[in-house]
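Structural features, examined
Next come the chains, spelled out residue by residue.
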Amino acid sequence: MRVEFLGGVRTVTGSATLLEKDSLKWLVDCGMFQGGKELEKRNWKIQPYQAKDLLFILLTHAHIDHSGLIPKLVKEGFRGKVICTKATRDLCEVMLQDSGRIQETEAEWQNRKGKRAGKGEAVPLYTAKDAEESLRTFQPVSYGEIVQLAEGVKARFQDAGHILGSAIIEIWVQEGGEEKKIVFSGDLGNFDQPIVRDPSILEEGDVLWLESTYGDRLHKSREETVQELLKIVQEAISHRAKVVIPAFAVERTQDIIYTLGQSIRSGALPPIPVYIDSPLAISATEIFKKNPDCFDRETQKILSGGENPLEIPGILYTRTTEESKAINEDPRPGIIVSASGMCDSGRIRHHLKHHLWREESHIVIIGYQAEGTLGRRIVDGAKTVRLFGEEIAVKAHIHTLGGFSAHADQKGLLDWVSHLRNPRLEVFINHGEEKISMGLSQLVSERFHFKTSVPQWREKRVLFREVEKEMPEEEVKEEFPPEEPLSVLLNRLDRTYKRLRRKLKREKKKGEDADRPRWWRQLGEVHQKLEELEKEME
Ligand SMILES: [Zn+2]
Ligand SMILES: [Zn+2]
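Bear in mind the structure is a predicted one, so any value in this text is a computation, not a measurement.

Conventions we followed
- Each chain has its residues counted from 1, following the order in which its sequence is written.
- Going through the entries in the order they are written, you letter the chains from A and number the ligands from 1.
- Per-residue local features are limited, in this predicted model, to residues with pLDDT of at least 70; the limit for side-chain atom pairs, both in listing and counting, is 80 or more; totals at the level of whole chains, interfaces and linings are taken over all residues.
- No hydrogens and no water enter the side-chain calculation; it runs on all heavy atoms of the structure.
- In this analysis a donor is any N, O or S atom within 2.8 Å of a metal ion (3.2 Å for sodium, potassium and calcium), and since water is not included, sites may seem incomplete.
- Geometry is assigned from donor-metal-donor angles: four donors are tetrahedral when every angle falls between 85 and 135 degrees, four are square planar and six octahedral when opposite donors sit over 155 degrees apart with all other angles between 65 and 115, and any other arrangement is irregular.
- Patch construction takes residues with relative accessible area above 30% that form no salt bridge. Like charges are linked within 9 Å, and nonpolar side chains (Val, Leu, Ile, Met, Phe, Trp, Tyr) are linked within 5 Å.
- Every accessible area reported is derived by Shrake-Rupley at a probe size of 1.4 Å, with residue values counting cover from the shown protein chains alone.
- Salt bridge, as used here, is a side-chain nitrogen of Lys or Arg placed within 4 Å of a carboxyl oxygen of Asp or Glu.
- For the charge count, each Lys or Arg is scored as positive and each Asp or Glu as negative, with His and the chain ends excluded.
- Where a charge lies is defined by one atom per residue type: Lys uses NZ, Arg uses CZ, Asp uses CG and Glu uses CD.
- For the purposes of this entry, the term helix denotes a DSSP run of H or I that reaches at least four residues, the term strand denotes a run of E that reaches at least two, and both are numbered from the N terminus.
- In this scheme, a residue with accessible area under 20% of its type's maximum is buried, one over 50% is exposed, and one in between is partly exposed, where area comes from a 1.4 Å probe on protein chains only.
- Pairing between strands requires that DSSP locate at least two bridges from one strand to the other.
- Axis definition: a line fitted to C-alpha atoms, limited for helices to the stretch in contact. Angles are taken between N-to-C directions and run from 0 to 180 degrees.
- The labels follow the angle: roughly parallel below 35 degrees, roughly antiparallel above 145, roughly perpendicular from 65 to 115, and oblique for the rest.
- Only heavy atoms enter the contact rule, under which two residues are in contact if any of them lie within 4.5 Å.
- Residues are grouped as follows: nonpolar covers Ala, Val, Leu, Ile, Met, Phe, Trp, Tyr, Cys and Pro; charged covers Asp, Glu, Lys and Arg; every other residue, Gly included, is treated as polar.

**Remarks on the coordination of the zinc ion (ligand 1)**
- The coordination sphere of the zinc ion (ligand 1) contains the protein donors H61 (NE2), H63 (ND1), H162 (NE2) and D187 (OD), at a distance range of 2.2 to 2.4 Å.
- Given 4 donor atoms and angles of 91 to 165° at the metal, the environment of the zinc ion (ligand 1) is assigned as irregular.
- Read in sequence order, the donor residues coordinating the zinc ion (ligand 1) give the pattern H-x1-H-x98-H-x24-D.
- The metal-metal distance between the zinc ion (ligand 1) and the zinc ion (ligand 2) comes to 3.3 Å, with D187 coordinating both.

**What to know about a positive patch on the surface**
- Together, K45, R495, K498, R499, R502, K503 and R506 line one region of the surface with positive charge.
- In this structure, R495 sits in helix 17 (residues 486-510).

**Some thoughts on the pairing of strand 10 (residues 178-184)**
- Most of strand 10 sits inside the fold, with 5 of its 7 residues counted as buried.
- As paired strands, strand 9 (residues 167-175) and strand 10 are joined by 7 bridges and run antiparallel to one another. Counterpart to I169 in the pairing with strand 10 is F184.
- What sits between strand 9 and strand 10 in their antiparallel hairpin is a turn of 2 residues, with G176 showing a positive phi close to 50°.

**Description of unusual backbone geometry**
- The omega angle of the peptide bond from A339 to S340 is 5°, so this bond is cis rather than trans.
- As for its placement among the helices and strands, S340 is situated in the loop between strand 15 (334-338) and helix 11 (348-355).
- At E251, a residue that is not glycine, the phi angle is positive and equals roughly 80°.
- Considering the arrangement of structural elements, one finds E251 in the loop between strand 12 (242-246) and helix 7 (252-266).
- With a phi angle near 70°, R458 is a residue other than glycine that sits in the positive phi range.

**A word on the packing of helix 4 (residues 86-116) against helix 8 (residues 279-290)**
- For the pair helix 4 and helix 8, interaxial distance at closest approach is 9 Å and the crossing angle is 170°. As the angle between them shows, helix 4 and helix 8 are arranged roughly antiparallel. From helix 4, D90, L91, V94, M95 and D98 reach across to helix 8, where they touch L280, S283, A284, I287 and F288.
- The residue makeup of the contact of helix 4 with helix 8, split by class, is 7 nonpolar, 1 polar and 2 charged.

**Let's talk about the sheet that holds strand 1 (residues 2-7)**
- Read across the sheet, 7 strands follow the order 6-5-4-3-2-1-22 without closing on themselves; strand pairing throughout is mixed. Pairing within the sheet leaves two strands with one partner each, and these edge strands are strand 6 (138-141) and strand 22 (460-462). Pairwise comparison of adjacent strand axes, ignoring direction, gives a mean angle of 25° for this sheet.
- Pairing geometry for strand 1 and strand 22, over 3 bridges, is antiparallel. Bridged to V3 within strand 22 is R461.
- Each of strand 5 (81-85) and strand 6 is contacted by helix 4, which is oriented at about 115° to strand 5, the strand it contacts most.

As structure tokens, then:
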């Protein structure tokens, strides 16, 4: 069978993989690219498949970098089912519509700007209405249930411990009379994360997709991280200052509510105003409360003791813009939790504008900040940042607390992999920045002697080659699409190279560019590949 890596490779966003068995085609995840114009252009690119030809989409979890392009596909004619857990479906209902609204606002803004520049009309990738309509394609399944998807293809969703409803997906396919098992780790959580259950342990598999977001570092323990947060809050209280926490609307926000709630209930923190300033986070919290069957034992215990783990005495939910603005007029010390988690959009930008320049304020970064985002620039120590056309000085205390991450660290990932027993397991490392994925690939290969690699965007692979070899000659030949003989491929290569030269020349004239070292490195790799090929032919 064949696979094509359509996203979430050598980057953390845009997760999507096309799988093809005989004439059956399906996707695992269908995520949106985020983090800069270049990357986001991929959201618009023509896909290597027709949406109507896809039989189904298996969705690991609701985060937009995994689900964000589903409404676009439905709009383009996808008529199959999106298979996911019930909580994922519930979360997608609010998250995809929110994403549709963001796309609409973005297009409106582009149009206002474009009109002045005499440009053509910008259209949204999809609208909130498209998102709402796409929900009818969702088919919830239970954790642990084996679902027959087509002749010779079945799947099962297991706990991934990342966010509510998140899943590791196991897929079994019949290939040449043998059954093979493919595993997608999805985004893997930590073992001591609150609210959701721990990731399931798997022992069997022939091919594995392994995420690598934090494949290069170790988180501090949860206990230490909570203590750090409490210290920051106490300091803010003593200076009558505010603590601003950019948090992903799903899971990170609820994790912070849970942690602050526990601390206030136990007396470790005095009661303090906690503002949840994100309509999406408020809706997501409601969905959490409606899906207690996804909670871990500890959270269930709090529930059965008559307390709500997602309530804090004095918590203030702000839905309207007016309420949101009023927060910064409140002279009391307080904690503001707002989205987006990477500071690229949403209300958090207003709070950052209000607090980044204040020496007494605290900004607490608890989630992953992708390359190219405002959050990443703040973490990397920018002295000033631009917000709403204004240059804002960064004088506030900036803290990074890795222990609240919804992703396993290096040790967590390696521990999880260590249970897989098949010595011939093939591992694709995905969902990580290039350098980090490469590092983890080497570690997994050294430690477990599995065959590992870090695929490129749009790279195609054939799985289970041994099985395919036994097939008649013609079928193996299919690997080269018949419409693309060598001469066509070489011509295309020539043209791409010429275009690239022209682009590089233009970029050189423009002067400084932060992307340049990465381009040089990639060009170096291409050159090396070509030389290797040349040698092979000698
Ligand atoms: Zn995720
Ligand atoms: Zn992700």
